[in-house]
Amino acid sequence: MKNTIKFFALAVVICGFSATSFAQSASATASGIITPAYFIAKTTDMNFGSVVPGAIGGNVILAPAGTTTVSGGVTKLAAGSGAISAAEFALLGPAAGATLYTVSLPNKIDITREGGTEIMVVNGFTVDKGALAVGGAGTLKVGATLNVGTVASNPAGTYSNPSGFQITVNFQ
């Protein structure tokens, strides 16, 4: 009996000092969304084509659709004498959600005769903001007005603005 009491006493001591552990674990996932950077990239430069100034100045109006009309003393040369094109930009906007955006363009830029100092002013920028497709891709076309001087103020040559013009698109 003495041994039985010692055995129960030892069992109580061992059980009293040993804690039963019911360890549990759980897991969580980590995730994030990488949104493609919104961007705008030029795909086509603006080109008013070939025109001839007259005794009085005039304008060449380039529509975003790529068509031109002339006024004043300016004569448009036949097709094939200069590729006419509105400026065109590829856009990538939000893939889902808002598809509205605003466009900021300069008030005017100067184009200068290569090898000379004569200038013509480009102003009156107009925009055709095509809708963004599913996935956020779209096309933006820009036209403008070329102010042509007289034969004396705008002699024959290629007029350009190598630094281009700034366009800013703000997706909302």
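Caption draft 1: Broad picture of the overall build of the protein. In terms of helices and strands, the protein carries one helix and 14 strands. Within the span of the protein, comprising 172 residues, buried residues form 24% of the whole. When contacts within the protein are restricted to residue pairs at least 6 apart in sequence, long-range pairs at least 24 apart make up 68% of them. Here the protein has roughly 11,100 Å² of accessible surface; of this, 60% comes from carbon and sulfur atoms.

Caption draft 2: View of the packing of aromatic side chains. In total, this model carries two aromatic pairs according to the counting rule given. Pairing Phe89 with Phe165 gives two aromatic rings, centres 6.5 Å apart and planes at 80°, and the pair type is edge-to-face. Of this pair, Phe89 sits in strand β8 (residues 87-92) while Phe165 is found in the loop between β13 (159-160) and β14 (168-171), placing the two residues 76 residues apart along the sequence. Between Phe125 and Phe165, the aromatic rings sit 5.2 Å apart at their centres with planes inclined by 45°, giving tilted as the arrangement. One end of the pair, Phe125, is in strand β11 (residues 119-129); the other, Phe165, is in the loop between β13 and β14, and 40 residues separate them in sequence. The lysine or arginine in question, Lys129, covers the ring of Tyr101, its NZ or CZ lying 4.9 Å from the ring centre.

Caption draft 3: Inspection of the environment of Gly49 at higher detail. You can see Gly49 is positioned in the loop between β2 (47-48) and β3 (51-52). Judged by its relative accessible area of 24%, Gly49 falls in the partly exposed class. Between the C-alpha atom of Gly49 and that of Ala78, which follows or precedes it by 29 residues, the distance is 9.6 Å.

Basis of the calculations
Residues numbered from 1 in each chain as written. Predicted model: local features only at pLDDT ≥ 70, side-chain atom pairs only at ≥ 80, totals over all residues. Heavy atoms only, no water. Helix = DSSP H or I, 4+ residues; strand = E, 2+ residues; numbered from the N terminus. Buried < 20%, exposed > 50% of the residue type's maximum accessible area, 1.4 Å probe, protein only. Contact = heavy atoms within 4.5 Å. Areas by Shrake-Rupley, 256 points an atom, 1.4 Å probe, with all protein chains shown as cover. Phe/Tyr/Trp six-rings, centres within 6.5 Å; stacked < 30°, edge-to-face > 60°. Lys NZ or Arg CZ within 6 Å of the ring centre and 35° of its normal.

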